[in-house]
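Residue strings, one per chain:
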Amino acid sequence: MHQSYTWKDLQDIIERLRGENGCPWDRVQTHESLRADLLEEAYEAVDAIDRGDMENLKEELGDVLMQVVFHASLEAGKGDFTLDDVVQGICEKMIYRHPHVFGDGSADTAEQVLINWEALKKKEKQLETQTDVLKSVPAALPALTRARKVQKKAADVGFDFDDVGGALRKVEEEIRELQEAWEQPDGNLEEEFGDILFALVNVARFLKINPEFALTKATKKFINRFEYVENSALSEGKQLSKMTLEEMDLLWDKAKEALSKKV
């Protein structure tokens, strides 16, 4: 029979690991050294959700929780804040931003809840202008996600295309500008390419597509098709590195047809 553990046990385990006779690795960690781990654990939890693997999600949420407790423990050791302070803060925030549940506010739809949430957040963080709101979107977010959030917040005050057609025409304009930059010896290719990505995010927003998820799925599809191409080549006794692009393209077309039938 497994021993039962609680939230407090997790705190005690982290404290022991970081203690004088604890783990050499845990004792030298900082917020900065754990930054990548925090992101990785969150992404692994999302991956479990995407795969519908609830057993793995349980495990990954534990890893995320461990990161929260670890970071709070680092600050508790400095006397700045504790895990209890973290819990206190998020409880206060959730109550404050849901006046339609905990107060006398009103919100009959999910859309109205989001409008109220943004207004309360702006007031809470003392964001005086909409530019302040745009700048408040964390720079550490994945670029596509950050672009989508910035565009949404600009759209909240009416700075937006009328429809997806306008967004698509902007993509075409940016592609032409990249072509022009490519033809110039001093053209800023990186900037123009970034403008195309930003414009494509706008299209995704109008179509209610999450660009981060869309690109993830496209990458997965590419890997699956590439696997088909490579396996087909190997079954014919060939190596991709020894084949021409035209030969690989023929197998790629077969991969598209074969794998589309399995969807």
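None of these values were measured; they are calculated from a predicted model.

Caption draft 1: Looking closely at the packing of aromatic side chains. Applying the stated rule across the entire model yields two aromatic pairs. On the numbers, 5.4 Å between centres and 45 degrees between planes, the contact of Phe-222 with Trp-252 is tilted. Here Trp-252 lies in helix H13 (residues 245-260) and Phe-222 lies in helix H12 (residues 211-235), a separation of 30 residues in the sequence. When its relative accessible area of 47% is taken as the criterion, Phe-222 is described as partly exposed. Since its relative accessible area comes to 22%, Trp-252 is described here as partly exposed. An aromatic cluster is present here, built from Phe-222, Phe-226 and Trp-252 joined pairwise through their rings.

Caption draft 2: Fine view of the side chain of Gln-151. Within the secondary structure, Gln-151 is located in helix H9 (residues 143-155). Judged by its relative accessible area of 4%, Gln-151 falls in the buried class. A distance of 3.2 Å separates the side chain of Gln-151 from the backbone nitrogen of Asn-202, its partner in a polar contact. Excluding anything up to four places from it in sequence, Gln-151 contacts Phe-198, Val-201, Asn-202 and Arg-205.

Caption draft 3: Fine view of the layout of surface pockets. Empty space within the largest pocket amounts to approximately 1100 Å³. Leu-114, Glu-118, Lys-152, Lys-153 and Asp-156 are the residues nearest the centre of the largest pocket, which is lined by 28 residues in total. Every element with two or more residues in the lining of the largest pocket is listed here: helix H7 (110-124), helix H8 (130-135), H9 and helix H11 (189-206). At eight residues, H7 tops the list of elements feeding residues into the lining of the largest pocket. Reported here for the second largest pocket is a volume of approximately 720 Å³. Taken together, 19 residues form the lining of the second largest pocket, with Tyr-43, Val-46, Asp-47, Asp-50 and Phe-213 sitting closest to its centre. Counting only elements with at least two residues in the lining of the second largest pocket, the list comes to helix H3 (31-51) and H12. Per-element tally for the lining of the second largest pocket: the top contributor is H3, with eight residues. For the lining of the second largest pocket, the residue count by class is ten nonpolar, three polar and six charged.

What counts, and where the lines are drawn
Residues numbered from 1 in each chain as written. Predicted model: local features only at pLDDT ≥ 70, side-chain atom pairs only at ≥ 80, totals over all residues. Heavy atoms only, no water. Phe/Tyr/Trp six-rings, centres within 6.5 Å; stacked < 30°, edge-to-face > 60°. Helix = DSSP H or I, 4+ residues; strand = E, 2+ residues; numbered from the N terminus. Buried < 20%, exposed > 50% of the residue type's maximum accessible area, 1.4 Å probe, protein only. Polar contact = N/O pair within 3.5 Å; in protein donor to acceptor, adjacent residues only side chain to side chain. Contact = heavy atoms within 4.5 Å. 1 Å grid on protein atoms, 1.4 Å probe; cavity = no way out; pocket = protein on both sides within 12 Å on 5 of 7 lines; lining within 4 Å. Points joined across faces, edges and corners; volume = space filled by probe spheres on them. Nonpolar A, V, L, I, M, F, W, Y, C, P; charged D, E, K, R; others polar.

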